[in-house]
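Working through the structure, step by step
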Amino acid sequence: MRAIRRFTVRTVLPGELAALGELVQNLRWSWHPETMDLFAEVDPVVWERVGHDPVALLGAVEADRLRELAGDRRFLRRLADAADDLHEYMTAPRWYQTLSGVPRAIAYFSPEYGIAAALPQYSGGLGILAGDHLKAASDLGVPILAVGLLYRHGYFTQSLSPEGWQLEHYPSLDPGGLPLTLLKEADGTPARVRIELPEQRVMHAQIWVARVGRVPLLLLDSDVADNDTAARDVTDRLYGGGTDHRLLQELLLGVGGVRAIRAYCRIAGHEEPEVFHTNEGHAGFLGLERIRELTEARLSFDEALEAVRAGTVFTTHTPVPAGIDRFPADMIARQFGGGNAWPTVPVDRILALGAEPGAAEGDKAVFNMAVMGMRLAQRVNGVSELHGEVSREMFQGLWPGFDVAEVPIGSITNGVHAPTWVGREIMELAGRELPSLVERAQGWEGVQKISDADIWEIRRKLRARLVEAARVRLRKSWRDRGASQAELGWIDDVLDPDVLTIGFARRVPSYKRLTLMLSDPDRLRRILLHPERPVQIVIAGKAHPADEGGKKLIQQIVGFADAEDVRHRIVFLPDYDMALGQLLVQGCDVWMNNPLRPLEACGTSGMKAALNGGLNLSIRDGWWDEWYDGTNGWAIPTADGVADPERRDELEAAGLYDLIEHEVADRFYDRAGDGPPRRWMEMVKHTLTSLGPKVLAGRMLRDYVTELYAPAARSAGALAADGYAAARHFAAWKLRVSGAWPGVRVEHVETGGVGDTPQLGATLDLRATIALGELEASDVRVQAAYGRVGAHDELEQPEYTDLSVETVCDDGTAYFTGAVPLSRTGSFGYTVRVVPSHPLMASPAELGLIAVPEEPAGMTNGTLR
Ligand SMILES: *Cc1c(COP(=O)(O)O)cnc(C)c1O
């Protein structure tokens, strides 16, 4: 018989052990090995059995054992120490507390969070990044208040059929069995948010609070009795269901998320956020909810829009068009219009926010969450420099008339949370040898002083741990596929703790090319089975449940790895999750990544490997494009000019094989006697010193705080002051400037100062005649753009200098003057442009308004000598 409902009965801890409950409830344990040691001591056997999940541990441990511990003075002392340590961690001032002019609180929205394997609320990189963001924020004292959804079945766990086909299982999670507490009103009833749906339906949700160190994470859960069945199922699983389902999830996340924050701040006395950061477009409706709040407080839509934009940060995560979140516009119209409309927020304004720029008439039917995200956020970023560049191109249409380089999308390269991903032995070595690194995140040069032998010994230990764990997992996988124990003796000898180990683990969308390594199966086989320099490969990855193509790729890999001649050297381990991820990034010598450039926005698993002393072997995409320096790993040559995809794969695979055979294996096995491979260790140390300080999530958080959160809080504060006076003024100014812009023209540009033969070092004097129409000179900025010109007279990476106003005539004609330095030889050109100017603008492109001369550049093809 199956139970119709399950729940977890929590143990009542003896009073002496109350602190144990607190330690379990704060997820800081997941990156604090000393706390995990303490949990292990509660009952080492049970601790292993429950897979290091402390809530499960407390549920499973015998009452007798708890009574025994309650009388164990030594255990109680350790418990008290751990509780003190947590208290100190939670309250002591940290980096953020040394800053001024920073927001009192920041709201962070994400559809998924990867915090610990025991909280399976993530599918891949986006969620893991969100988890690392919160942990690093906690470590640095950044006052983030995070919001997400609690999926009752999380993301699926993966196993294989006998034929190697991916099977999905959705575990049933009981919030009572997770380190969560329900948010309650003062009277003890659960706090609720409600969202009106079309046809008089209502969706309710309760709010679970997870503690990620100092960061509260609010998780909305629609599985409550007041909801109809459909509404109850909204938070059933991550990325499951159709478009309707996704819309309801995103409504709950965005609109419900803001309401949950308001409830939490009211109940817990928490500071209200000044900045709202959305991790990808899925939470974009949060901006609409905040506009609703402000319009109900008597601002107009445009005024509210300005106030909201100023305090919103939007991070885009994908350059893959299929990865962009879109809805049919009529679905949005149904949700936010008709009988369900918000009285102060016109539905056509909402639809306009999500309309794709330049869409043909027929395509107006699409509502694009990324585009809305960019219109609702004054500050937008990609997640690596290359991804920033690609995003500027991808979204250029939102800022017509501006060069790609001026599209206001910046970038902050992702990072990873070292205490989560770095092997304990390495953390301890660093703690012993490089104390300043642990305390102040600097002093990476010190790595050079650590002996090769010390690092090599730890690397072997981590590799051996991976080999052991891989055998256990592989045996389980074969059992699940129907093999009998007796057939599986060979698994005892699978993988070798002394063989060069390459890891490849990631989600399986086609651009990540799981099967590139199978391009030439015979060559791969020779590499694996090389008599002196063998290589072993450990592979893991989940395909999206709806992605049949991805499942086929997994089946191909599994088919290859099943073969008797190679199965001891190549394994596919099912169910890639954080626990397996930790084993892999710690145990592999080389981390391989071969995406189709430039579709990997950043990639973070290679950063985790690098921090563990692994070497990257990767296509120069995402973060690796930025930080590969020629000697800190290997760059697989990319054939991104080659149009035929099969030919391109072949070329890149050949490059990959060459590198493995001639560079990677060569270096790894180049030993003098029994000692560590000297040239390999050189590269490991160089990897640690060159990449260590950059790839940390702490570096990423500092960048977010100084480049985005603090400026956003300043803008939002300026707009909100004096009853939103500046928001009112700014919105009115934008309307006036947009209305009058057709009257703005660059009429004429005169030059002087350089004579007939311009020479390097001279300056070119400019005088521009500008028609201002209805505008004042102070409404605009007149700029000279200058620099090298290309074959079609286009300015290449121009520089800008402001011209100053000389006179303004009554008819609106104005003269602006300035000087352009002739700072480089060769073809040189310039032009003049007019853009709006207001102190509250974050970029000249913000309004998408620009005026340039009808006859563009002057002095084109003039050559400097
Ligand atoms: C780090 C990590 C990811 C993201 O890694 P990518 O390099 O972006 O593919 C995905 N899943 C798990 C379990 C991870 O640990």
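Since we're looking at a predicted model, the values are computed, not measured.

**Some words on the UniProt feature "modified residue: N6-(pyridoxal phosphate)lysine" (unreviewed entry) in the protein**
What UniProt calls "modified residue: N6-(pyridoxal phosphate)lysine" (unreviewed entry) maps, in this numbering, to Lys608. As for its placement among the helices and strands, Lys608 is situated in helix H23 (residues 605-611). In this structure, Lys608 is in contact with Ile128, Val416, Trp421 and Val585, ignoring residues within four places of it in sequence.

**Here's the deal with the site of the ligand**
Around the ligand, the surrounding shell holds 13 residues, and the nearest of these are Trp421, Lys512, Thr604, Ser605 and Lys608. At 3.1 Å, a side-chain N or O of Lys512 approaches an oxygen atom of the ligand. Note that an oxygen atom of the ligand is positioned 2.5 Å from one of the side-chain N or O atoms of Ser605. In the complex, 95% of the free accessible area of the ligand, which totals 390 Å², lies under the protein chains. The set of elements that each furnish at least two residues to the shell around the ligand consists of helix H7 (125-140) and H23. Residue assignment places the shell around the ligand across two domains, with domain 2 (100-323 + 377-411) and domain 3 (447-695) each supplying three or more.

**A few points about the pairing of strand E12 (residues 312-315)**
Side-chain alternation along E12 places Thr312 and Phe314 on one buried face and Val313 and Thr315 on a second face that is also buried. Examined bridge by bridge, E12 and strand E15 (residues 379-382) share three bridges and lie parallel to one another. In the sheet register, Val313 faces E15, and the bridge partner there is Arg379.

**Focus on the UniProt feature "domain: DUF3417" (unreviewed entry) in the protein**
What UniProt calls "domain: DUF3417" (unreviewed entry) maps, in this numbering, to residues 13-119. Secondary structure content for residues 13-119 is 54% helix and 6% strand, and the end C-alpha separation is 22 Å.

**Some remarks on the packing of helix H2 (residues 33-42) against helix H6 (residues 73-91)**
For any two helices packed against each other, the geometry is given by the interaxial angle and the distance between the axes. At a closest axis distance of 10 Å, the pairing of H2 and H6 adopts a crossing angle of 150 degrees. With respect to H6, the element H2 is oriented roughly antiparallel. Remark: the crossing between H2 and H6 carries left-handed chirality. Contacts from Glu34, Asp37, Leu38, Glu41 and Val42 of H2 reach H6 at Arg74, Phe75, Arg78, Leu79 and Ala82. Here the contact of H2 with H6 is composed, by residue class, of five nonpolar, no polar and five charged.

**Some words on the nonpolar core**
Leu584, Leu617 and Trp680 are the most contacted members of the largest nonpolar core, which has 104 residues in total. Of the residues forming this core, the biggest block, 10 residues, is contributed by helix H19 (residues 452-480). Residue contributions to this core reach at least three from each of two domains, namely domain 2 (100-323 + 377-411) and domain 3 (447-695). Beyond its immediate chain neighbours, meaning those up to four positions away, Trp680 contacts Trp456, Leu500, Asp589, Val590, Leu615, Trp634, Val664, Arg667 and Phe668. Counting 97 residues, the second-largest nonpolar core is a separate cluster that includes Leu149, Leu253, Leu775 and Met841.

**Focus: helix H17 (residues 424-433)**
One turn of the α-helix equals 3.6 residues, which is why residues spaced by three or four share an orientation. Regarding H17, the residues found buried are Glu425, Ile426, Leu429 and Ala430. Buried residues of H17, seen end-on, are gathered within an arc of 135 degrees and therefore sit on one face of the element. Looking at the packing, one finds that the buried side of H17 touches helix H18 (435-440), H19 and H23.

**Focus: helix H22 (residues 578-587)**
Counted residue by residue, H22 has eight buried out of 10 residues, so it is predominantly covered. Here H22 has its buried residues at Met578, Leu580, Gly581, Leu583, Leu584, Val585, Gln586 and Gly587. For H22, the side-chain oxygen to backbone nitrogen distance between the N-cap and Ala579 is 3.1 Å, and the N-cap itself is Asp577.

**Here's the deal with the packing of aromatic side chains**
Here the structure, examined in full by the defined rule, presents 21 aromatic pairs. Aromatic pair Phe668 and Trp680: ring centres 5.0 Å apart, planes at 85 degrees, arrangement edge-to-face. Placement of Phe668 in helix H25 (residues 645-668) and of Trp680 in helix H26 (residues 678-691) is noted, with a sequence separation of 12 residues between them. With respect to burial, Phe668 and Trp680 carry one shared label: buried. Chaining the aromatic ring pairs together yields one cluster made of Trp456, Trp634, Phe668, Tyr669 and Trp680. Positioned above the aromatic ring of Trp342 is the side chain of Arg292, whose terminal nitrogen or guanidinium carbon lies 5.7 Å from the ring centre. Over the face of the ring belonging to Trp478 we find Arg481, whose NZ or CZ atom lies 4.6 Å from the ring centre.

**Re the sheet that holds strand E19 (residues 570-572)**
Reading across the sheet, the six strands line up as E19-E18-E17-E20-E21-E22 and stay open at both edges, with parallel pairing between neighbours. Among the strands making up the open sheet, the edge pair consists of E19 and strand E22 (633-636). Looking at each pair of strands side by side, their axes are set apart by 20 degrees on average, direction ignored. Relative to strand E20 (residues 590-593), strand E17 (residues 500-505) runs parallel, the two sharing two bridges. Among the inter-strand pairings, Ile502 is bridged to a residue of E20, identified as Val590.

**Some points on the pattern of salt bridges**
Going through the model one piece at a time under the given rule, you end up with 62 salt bridges. Between Arg424 and Asp37 there is a salt bridge, with the nearest N and O atoms lying 2.6 Å from each other. On the criterion of sequence distance, the pair formed by Arg424 in helix H17 and Asp37 in helix H2 is long-range, its members being 387 residues apart. The exposure class assigned to Arg424 is partly exposed, which follows from its relative accessible area of 31%. What emerges from the salt-bridge pattern is a single network uniting Arg152, Asp221, Asp223 and Arg232.

**With respect to the sheet that holds strand E28 (residues 813-821)**
Within a beta sheet, neighbouring strands are joined by backbone hydrogen bonds and run either parallel or antiparallel to one another. Sheet architecture is open: four strands sit in the order E23-E24-E28-E27, paired in antiparallel fashion. With partners counted over all chains shown, the strands left at the sheet margins are strand E23 (745-752) and strand E27 (804-808), one partner each. Strand after strand, the sheet turns through a mean of 25 degrees between neighbouring axes, direction not considered. Note that E27 and E28 share four bridges and pair antiparallel. Paired with Ser804 across the strands is Thr817, a residue of E28.

**A word on the domain arrangement of the protein**
What the domain assignment reports for the protein is domain 1 (15-91), domain 2 (100-323 + 377-411), domain 3 (447-695) and domain 4 (744-864). Summarising the inter-unit geometry, the C-alpha centres of domain 3 and domain 4 are found 53 Å apart.

Reading the values: rules and limits
- Residues numbered from 1 in each chain as written.
- Predicted model: local features only at pLDDT ≥ 70, side-chain atom pairs only at ≥ 80, totals over all residues.
- Heavy atoms only, no water.
- UniProt positions renumbered as here; feature names shortened; annotations may be inferred.
- Helix = DSSP H or I, 4+ residues; strand = E, 2+ residues; numbered from the N terminus.
- Contact = heavy atoms within 4.5 Å.
- Near = heavy atom within 4 Å.
- Polar contact = N/O pair within 3.5 Å; in protein donor to acceptor, adjacent residues only side chain to side chain.
- Areas by Shrake-Rupley, 256 points an atom, 1.4 Å probe, with all protein chains shown as cover.
- Domains from an automatic or database assignment.
- Buried < 20%, exposed > 50% of the residue type's maximum accessible area, 1.4 Å probe, protein only.
- Pairing = 2+ DSSP bridges.
- Axes fitted to C-alpha atoms, helices over the stretch in contact; angles between N-to-C directions.
- Parallel < 35°, antiparallel > 145°, perpendicular 65-115°, else oblique.
- Left-handed = near helix turned anticlockwise from the far one by under 90°.
- Nonpolar A, V, L, I, M, F, W, Y, C, P; charged D, E, K, R; others polar.
- Core = buried A, V, L, I, M, F, W, Y, C linked by side-chain atoms within 4.5 Å.
- Arc of directions from axis to C-beta.
- Phe/Tyr/Trp six-rings, centres within 6.5 Å; stacked < 30°, edge-to-face > 60°.
- Lys NZ or Arg CZ within 6 Å of the ring centre and 35° of its normal.
- Salt bridge = Lys/Arg side-chain N within 4 Å of Asp/Glu carboxyl O.

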